[in-house]
Amino acid sequence: MQISSDIIRGHLEVVILKLITEQDRYGYEIATEIYNRTDEKFSIKEATLYAMVQRLERKELITSYIGTKSKGSKRRYYKITTLGRAYYKEKRREWATLKTLMSRLLEETDERN
Amino acid sequence: MKEIEQFVNRLFSSKTQSKEDKETVPILIEMLEEKVEDLKEEGMNESDAIDKTIAEFGEIDDYYHPHMDKEKRRHKRQKTIEHYKNDLLFSALSTAIIIAIIGFVNLYYFPQYGPWFIVPALGILFWPLSLLYKLLNKKGENK
């Protein structure tokens, strides 16, 4: 089943931050990771991804530098900042609360039906 | 990779560019070129890699409103059309009133100079006409 992009859209910033928290990554690598980790059920449009990455950079949650990939070609890598890490932790907490609330709400609805 | 540069420049040419947009264009080109390079490393030929990159980019609205879904963006445009309609109505009524006043002054007080009010009347008609043009353009964009 393909995931509706509207549901996941609001959480993409946190997903991107999470991926960059793990290790420094470049734009297309982030898109590929999202696609692979969702078992090819969700692919982020590059326009959306690049807009979000640039916004995160403007908010100083991530920074960029030009690095070298394994085969020697240059890539613009994104790295999490201290501010970004704190923001990510905060969003993770928000997500945990939302997840609990949604499970409770949906489980209750299921029981009534 | 001229195709990528042309594609990004064309995307942004339809929008009024802010300072941020001007900084964005070269970075966006760089990011898309990185993707082409990656695809080539995976074994795709350059022309196919460029086509795939451009096809998968999405729409410029995804870039400007990454949090907004298509339905909301459409609604936003509809609201703009409503605004244009109101503007057109306002300009048409105002134009009619102004022309009536000039016409009255002309014919009542200065009939000896002929119907000169036609000249300013034609000029002011361009106000609603330009708004009508904008409205039709906006409607065309939505189709």
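For the structure itself, consult the block above.
In this text, all values refer to a predicted model and were calculated from it rather than measured experimentally.

Colleague: Which parts of the structure should I look at to understand the overall build of chain A?
Modeller: Within chain A, the secondary structure is distributed over five helices and three strands. Beginning at the N terminus, the succession of helices and strands in chain A can be written as α-α-β-α-α-β-β-α. For chain A, the proportion of its 113 residues judged to be buried stands at 36%. Put simply, of all contacts in chain A between residues at least 6 apart along the chain, 48% involve residues at least 24 apart. Of the roughly 6,900 Å² of accessible surface on chain A, 52% is carried by carbon and sulfur atoms.

Colleague: When you look at the sheet that holds strand 3 (residues 74-80) of chain A in this model, what are you seeing that I'm missing?
Modeller: All names here are of chain A. Across the sheet, three strands lie side by side as 1-3-2; this open sheet has antiparallel pairing. On the outer flanks of this sheet lie strand 1 (25-26) and strand 2 (62-68), each paired with one strand and no other. Pairing of strand 2 with strand 3, which is carried by seven bridges, proceeds in the antiparallel orientation. Residue pairing across strands places Ile 62 opposite Ile 80, the latter belonging to strand 3. Against the sheet, helix 4 (residues 46-58) contacts strand 2 and strand 3, and its axis sits at roughly 115° relative to strand 2.

Colleague: Help me understand the interface of chain A and chain B in this model?
Modeller: In many analyses, interface size is given as the accessible surface area lost on bringing the parts together. Listed as interface residues are 25 residues of chain A and, on the opposing side, 26 residues of chain B. Of the roughly 2,400 Å² buried at the junction of chain A and chain B (both faces included), carbon and sulfur atoms supply 49%. For the chain A face of the interface with chain B, the top three residues by lost area are Arg 9, Tyr 28 and Tyr 50 of chain A, together amounting to 24%. At the junction of chain A and chain B, the tally comes to four salt bridges. Notably, a salt bridge pairs Asp 38 of chain B with Arg 75 of chain A, separated by 2.4 Å at the nearest N-O pair. Its residues placed into classes, the side of chain A that touches chain B shows nine nonpolar, four polar and 12 charged.

Colleague: Teacher, can you tell me more about the nonpolar core here?
Modeller: Proteins that are soluble and globular tend to have nonpolar side chains buried together. In this structure, Ile 16 of chain A together with Val 8 of chain B are the most contacted members of the largest nonpolar core, which totals 43 residues. For Val 8 of chain B, the residues in contact, after removing those within four places along its chain, are Val 25, Leu 28, Ile 29 and Leu 32 of chain B. One finds Ile 81, Tyr 84, Leu 88 and Leu 131 of chain B within the second-largest nonpolar core, a separate group that totals five residues.

Colleague: Sorry if this is basic, but what is going on with the packing of aromatic side chains here?
Modeller: Here the distance between the centres and the angle between the planes together describe a pair of aromatic rings. All chains considered together, the criterion is met by eight aromatic pairs over all chains. Where Tyr 26 of chain A meets Tyr 77 of chain A, the ring centres are 5.5 Å apart and the plane angle is 85°; that geometry is what we call edge-to-face. Here Tyr 26 of chain A, found in strand 1, pairs with Tyr 77 of chain A, found in strand 3; they are 51 residues apart in sequence, far enough to count as distant. For the pair Tyr 26 of chain A and Tyr 77 of chain A, one class covers both residues: buried. Here Tyr 108 of chain B and Tyr 109 of chain B contribute two aromatic rings whose centre-to-centre distance is 5.1 Å and whose plane-to-plane angle is 80°, an arrangement assigned as edge-to-face. Assigned by exposure class, Tyr 108 of chain B and Tyr 109 of chain B land together as exposed. Aromatic rings pair up to connect Tyr 26, Tyr 65 and Tyr 77 of chain A into one cluster.

So, how was this worked out
- Residues numbered from 1 in each chain as written.
- Chains lettered and ligands numbered in written order.
- Predicted model: local features only at pLDDT ≥ 70, side-chain atom pairs only at ≥ 80, totals over all residues.
- Heavy atoms only, no water.
- Helix = DSSP H or I, 4+ residues; strand = E, 2+ residues; numbered from the N terminus.
- Buried < 20%, exposed > 50% of the residue type's maximum accessible area, 1.4 Å probe, protein only.
- Contact = heavy atoms within 4.5 Å.
- Areas by Shrake-Rupley, 256 points an atom, 1.4 Å probe, with all protein chains shown as cover.
- Pairing = 2+ DSSP bridges.
- Axes fitted to C-alpha atoms, helices over the stretch in contact; angles between N-to-C directions.
- Buried area = accessible area lost by both parts, 1.4 Å probe.
- Salt bridge = Lys/Arg side-chain N within 4 Å of Asp/Glu carboxyl O.
- Nonpolar A, V, L, I, M, F, W, Y, C, P; charged D, E, K, R; others polar.
- Core = buried A, V, L, I, M, F, W, Y, C linked by side-chain atoms within 4.5 Å.
- Phe/Tyr/Trp six-rings, centres within 6.5 Å; stacked < 30°, edge-to-face > 60°.

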